[in-house]
Amino acid sequence: MRLWCIFLLPLLCQLAGVRSEDYSDVTVIVRGSETIASTSGEFVCATIDWWPPEKCNYDQCPWGRASVLNLDLTNPLLAKAIQAFSPLRIRVGGSLQDQVLYGTPNLGLPCDPFTKVSSGLFEFSQGCITLERWDDINDLFLNTGAVVTFGLNALQGRHQIRKGVWGGPWNSSNAREFIEYTASKNYPIDSWEFGNELSGSGVGASVAAEQYGKDLVVLQTIVNELYGDSSKPLVVAPGGFYDQKWFAQLLEASGPNVLNAVTHHIYNLGAGDDPQVPNRILSPQYLSRTSDIFRGLQLTIQRHGPWSAPWVGESGGAYNSGSRLVSNTFLNSFWYLDQLGQSAKYDTKVYCRQTLIGGNYGLLDTDTFVPNPDYYSALLWHRLMGTGVLSLDISGSPYLRPYAHCAKQKGGIALVLLNLHRTMGFMVSVRNDINVNLAEGQGIRRDNAFVHGLKRTVSWVGSKASDGFSKREEYHLSAQDGNPFARTMLLNGVPLELTEDGDIPPLYPVEVSANSPIYVAPLTIAFVVFPDFEAEACGR
């Protein structure tokens, strides 16, 4: 009881502040009778990239030693950060992956790292990963229980037809040897991804969809042969920006049951040095634009490759290594969690964040390995939000953005509530649609008079834990000192910091009466779990 009171105290203080600031009533009606989409159990994913220290943008070089080739794999903070997810999906890949050779016995070339060369793709030479380094990386993955997606070089053997356009079939020999070695070691590869940003007009290089599809058939054949009757990794592609025509052609060219997942990339906030990035993060209209991409890919898959599934293979918000002043701060979690919520509604199975470590957008600080605020946002999503996605109706301001899922590993539902407003708080009442009896097709936004009739007079704090009333769990996230650009996030008023032993801190909720409104302060985020919420779809 004492621990519960300690964590409730910051929220009581927060509630007292409601009287001195503007707030608005909002009603959220959750439709729990059926799910509208589903994610995978490893929906939250993070990437490890190939960029060497010489990768620079805007007169800064934020990558340090965070590459696949030079990352300190023995740092205990790295292992503990991965283990906390139990499991975390990690995607190994990035811009330089189509210049990576694998140090297999028949390579026939020295296995050297990347070097800076003006004539190379992205101004770097080919690089190579030794099998010894691959062994060390897989030791980390095995010890931490990571679920691994590895991006293969899809340009090997091709020739440049004209600037930016590559042709000819893929030379699979080096990749085949690498996959064969990996399979022989029983390394935990969940999926092999083919290529990075070669779709459509490409980034630096592009390959025609028809040829790409043929090469995917070759890759799937290799996987089938090398893994035999054992559990086979998935084949996923193309790891590029969504181009409806190109993606449709790829699915048709590769044919049924070859491409298990269609991976695409999103960087919707603009360049890392764009001063408008913070304003875009807090604009509900701007954030909502991304739904067109998720919807478009979902429809393309349904029409041209229903055997496949949509994944976000890479998304960092601001491109070119992220924003030095935004991507590693509390403010960025509004964009990140909104992306997770939006993408899940369109049946996205996996969402890979650029990066786990490296650049300005790492979940971990590149130099210290200490978690940035988005790490804790990702961890809470992973622990609380289940795979079943629920629809909801909402009244009130568009600055309150809610997403609902079945709760993870328990009954009921879980919500995430994002308050993008700088000065307005929201008092949120959560209702079950089976008790509301909304007319079919009538969203609550269209009938505010009806919504007003739903409201009850209730206390926000709720009853004592011993009184037998139904409880909910709340996790309120805010910025240290109220500064949205803070590098430290507070959970229910308590700073989220590593323990003395370098462990991820416990993420304790506060328990509140389930029937009371939820107060979401300006520029804060709330995860809320209703374990007793009657949602038929979540009990199946």
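Just so you know, these numbers come straight off a predicted model, no measurement behind them. Residue positions within a chain follow its written sequence, with the count starting from 1. Reporting of local features is limited, given that this is a predicted model, to residues whose pLDDT is at least 70; pairs of side-chain atoms are given and counted only at 80 or more, and all residues count toward the totals for whole chains, interfaces and linings. Hydrogens and waters are ignored; side-chain quantities use all the structure's heavy atoms.

Chemist: Explain the sheet that holds strand β8 (residues 159-162) residue by residue, including any values.
Modeler: For two strands to count as paired, DSSP must find a minimum of two bridges between them. Every helix listed is a DSSP run of H or I at least four residues long, and every strand listed is a run of E at least two residues long, numbered separately from the N terminus. Strand order in this open sheet of three strands is β8-β9-β11, and the pairing throughout is mixed. Across the chains shown, the open sheet's two edge strands, defined by having one partner strand only, are β8 and β11 (206-207). With two bridges connecting them, strand β9 (residues 165-167) and β11 associate as parallel partners. Residue tryptophan 166 lies in a different strand from β11, and its bridge partner there is valine 207.

Chemist: Lay out unusual backbone geometry in plain terms, naming residues and giving numbers.
Modeler: Omega for the bond connecting serine 86 with proline 87 falls within 30 degrees of zero, at 10 degrees, which places this linkage in the cis form. Tracing the sequence through the fold places proline 87 in the loop between α2 (76-83) and β4 (89-92). A cis amide bond links glutamine 354 with the next residue in sequence, threonine 355, at an omega value of 5 degrees. The phi torsion at asparagine 320 lies on the positive side, around 60 degrees, for a residue other than glycine.

Chemist: Quick one: what's the story with helix α6 (residues 244-254), residue by residue and with numbers?
Modeler: When accessible area is computed with a 1.4 Å probe and restricted to protein chains, residues below 20% of their type maximum are described as buried, those above 50% as exposed, and intermediate ones as partly exposed. If you check which residues of α6 are buried, you get Trp246, Phe247, Ala248, Leu250, Leu251 and Ser254. Whether two residues are in contact is decided by their heavy atoms: any pair within 4.5 Å suffices. Where α6 is buried, its residues contact β11, α5 (209-227), β12 (234-241), β13 (261-266) and α9 (291-304). Downstream of α6 by a residue or two, glycine 255 has a phi angle that is positive, lying close to 85 degrees.

Chemist: So what about the environment of threonine 221? Which residues, and what values?
Modeler: Considering the arrangement of structural elements, one finds threonine 221 in helix α5. Placed 37 residues apart in sequence, threonine 221 and valine 258 show a C-alpha to C-alpha distance of 8.9 Å. Any N or O atom pair separated by 3.5 Å or less is treated as a polar contact, with the protein-specific requirement of one donor-capable and one acceptor-capable atom, and with residues adjacent in sequence counted only for side-chain atom pairs. Within the local environment of threonine 221, its side chain forms a polar contact with the backbone oxygen of valine 217, the two atoms lying 2.9 Å apart.

Chemist: Just give me the short version of the state of the cysteines, but keep the residues and values in it.
Modeler: When the sulfur atoms of two cysteines come within 2.5 Å, that pair is taken as a disulfide. Taken as a whole, this structure holds four disulfides when the rule is applied. In this model, cysteine 45 is linked to cysteine 352 through a disulfide, with the two sulfur atoms separated by 2.2 Å. Looking down the S-S bond of the cysteine 45 and cysteine 352 bridge, the torsion is 85 degrees, so its handedness is right-handed. One end of the pair, cysteine 45, is in strand β3 (residues 44-48); the other, cysteine 352, is in strand β17 (residues 350-353), and 307 residues separate them in sequence. Paired by a disulfide, cysteine 406 and cysteine 538 hold their sulfur atoms 2.0 Å apart. Given an S-S torsion of about -80 degrees, the disulfide between cysteine 406 and cysteine 538 has left-handed geometry. Separated by 132 residues along the polypeptide, cysteine 406 in strand β19 (residues 400-407) and cysteine 538 in the segment after β27 (525-530) bring together distant segments of the chain. If one numbers only the bonded cysteines of the protein, in the order they occur, the disulfide pattern is 1-6, 2-3, 4-5, 7-8.

Chemist: I'd like a description of the sheet that holds β4, backed by residues and values.
Modeler: As summarised here, the arrangement of the eight strands in space is β3-β4-β7-β10-β12-β13-β15-β17, forming a closed barrel in which the pairing is parallel. Between one strand and the next, the sheet's axes are offset by a mean angle of 25 degrees, whatever the strand orientation. Bridge analysis of β3 against β4 gives four bridges, and the strand direction is parallel. By the bridge assignment, threonine 47 is partnered in β4 with arginine 91. Each axis is a line fitted through C-alpha atoms, taken for helices only over the stretch in contact, and angles between the N-to-C directions span 0 to 180 degrees.

Chemist: I'd like a description of the pairing of β12, backed by residues and values.
Modeler: Burial analysis of β12 places six of its eight residues in the buried class, the great majority of the element. Relative to β12, strand β10 (residues 189-194) runs parallel, the two sharing three bridges. Its bridge partner lying in β12, glutamate 193 is registered against valine 236. Relative to β13, β12 runs parallel, the two sharing five bridges. In the sheet register, proline 238 faces β13, and the bridge partner there is threonine 263. Handedness of the crossover joining β12 and β13 through α6: right-handed. Look down the strands so they point away from you; if the path from the first strand over the helix to the second goes clockwise, the crossover is right-handed.

Chemist: For helix α11 (residues 373-384), give the residues involved together with the corresponding values.
Modeler: Helix span, as expected, comes to 1.5 Å for every residue beyond the first. Between its first and last C-alpha, α11 extends 17 Å over 12 residues, near the 16 Å set by a 1.5 Å rise per residue. Turning to α11, its buried residues number three or more, namely Pro373, Asp374, Tyr375, Tyr376, Ser377, Ala378, Leu379, Leu380, Trp381, His382 and Leu384.

Chemist: Before we move on, can you summarise the packing of helix α10 (residues 332-345) against α11 with the specific residues and values?
Modeler: α11 packs onto α10 with a crossing angle of 30 degrees between their chain directions and a minimal axis gap of 9 Å. Between α10 and α11, the crossing angle belongs to the class labelled roughly parallel. Considering the relative orientation of α10 and α11, their crossing is right-handed. Counted together, Asn332, Ser333, Tyr336, Leu337, Leu340 and Gly341 of α10 and Pro373, Asp374, Ser377, Ala378 and Trp381 of α11 form the full contact between these two elements. Relative orientations are named as follows: roughly parallel for angles under 35 degrees, roughly antiparallel for angles over 145 degrees, roughly perpendicular for angles from 65 to 115 degrees, and oblique for any other angle. By definition, any crossing whose near helix is turned counterclockwise from its far helix by less than a right angle is left-handed, and any crossing with a clockwise turn is right-handed.

Chemist: Would you mind going over the packing of aromatic side chains in detail, with residue names and values included?
Modeler: Each pair of aromatic rings taken from Phe, Tyr and Trp, with Trp reduced to its six-membered ring, is defined by centres within 6.5 Å and is described as stacked if the planes are under 30 degrees apart, edge-to-face if over 60, and tilted in the remaining cases. Scanning all chains against the criterion turns up 27 aromatic pairs. Ring centres 6.3 Å apart and planes at 55 degrees place the aromatic pair phenylalanine 241 and tyrosine 267 in the tilted group. A residue pair is termed long-range when its members are at least 10 positions apart, and phenylalanine 241 in strand β12 and tyrosine 267 in the loop between β13 and β14 (270-271) qualify at 26 residues. Of the residues examined, phenylalanine 241 reaches a relative accessible area of 33% and is grouped as partly exposed. Summarising the aromatic geometry, the rings of phenylalanine 330 and phenylalanine 334 are spaced 5.5 Å apart at their centres and angled 90 degrees between planes, so their arrangement reads as edge-to-face. The same class applies to phenylalanine 330 and to phenylalanine 334, which are both buried.

Chemist: So what's going on with the nonpolar core? Which residues, and what values?
Modeler: Membership of the largest hydrophobic core comes to 127 residues, with the highest contact counts inside it found for Tyr212, Phe334, Tyr375 and Phe527. Where each domain starts and ends comes from a domain assignment, either automatic or drawn from a database. Both of domain 1 (23-36 + 394-438 + 469-538) and domain 2 (39-387) provide at least three residues apiece to this core. Once you skip the residues sitting within four places of it in the chain, phenylalanine 334 turns out to touch Ile281, Leu282, Leu418, Asn419, Leu420, Leu523, Thr524 and Ile525. Remark: nonpolar core denotes a set of buried residues (Ala, Val, Leu, Ile, Met, Phe, Trp, Tyr, Cys) joined through side-chain atoms within 4.5 Å.

Chemist: Help me get a handle on the confidence of the model for the protein, residues and values and all.
Modeler: For every residue, the predictor reports its confidence as pLDDT, a number between 0 and 100. Mean pLDDT over the protein: 91, with 90% of residues reaching 70 or higher. Low pLDDT, under 50, characterises residues 1-20; the stretch is placed with 27 contacts to residues that sit more than four places away or in other chains. Low confidence marks residues 438-468, where pLDDT is under 50. Its contacts with residues over four positions away, or in another chain, come to 58 contacts.

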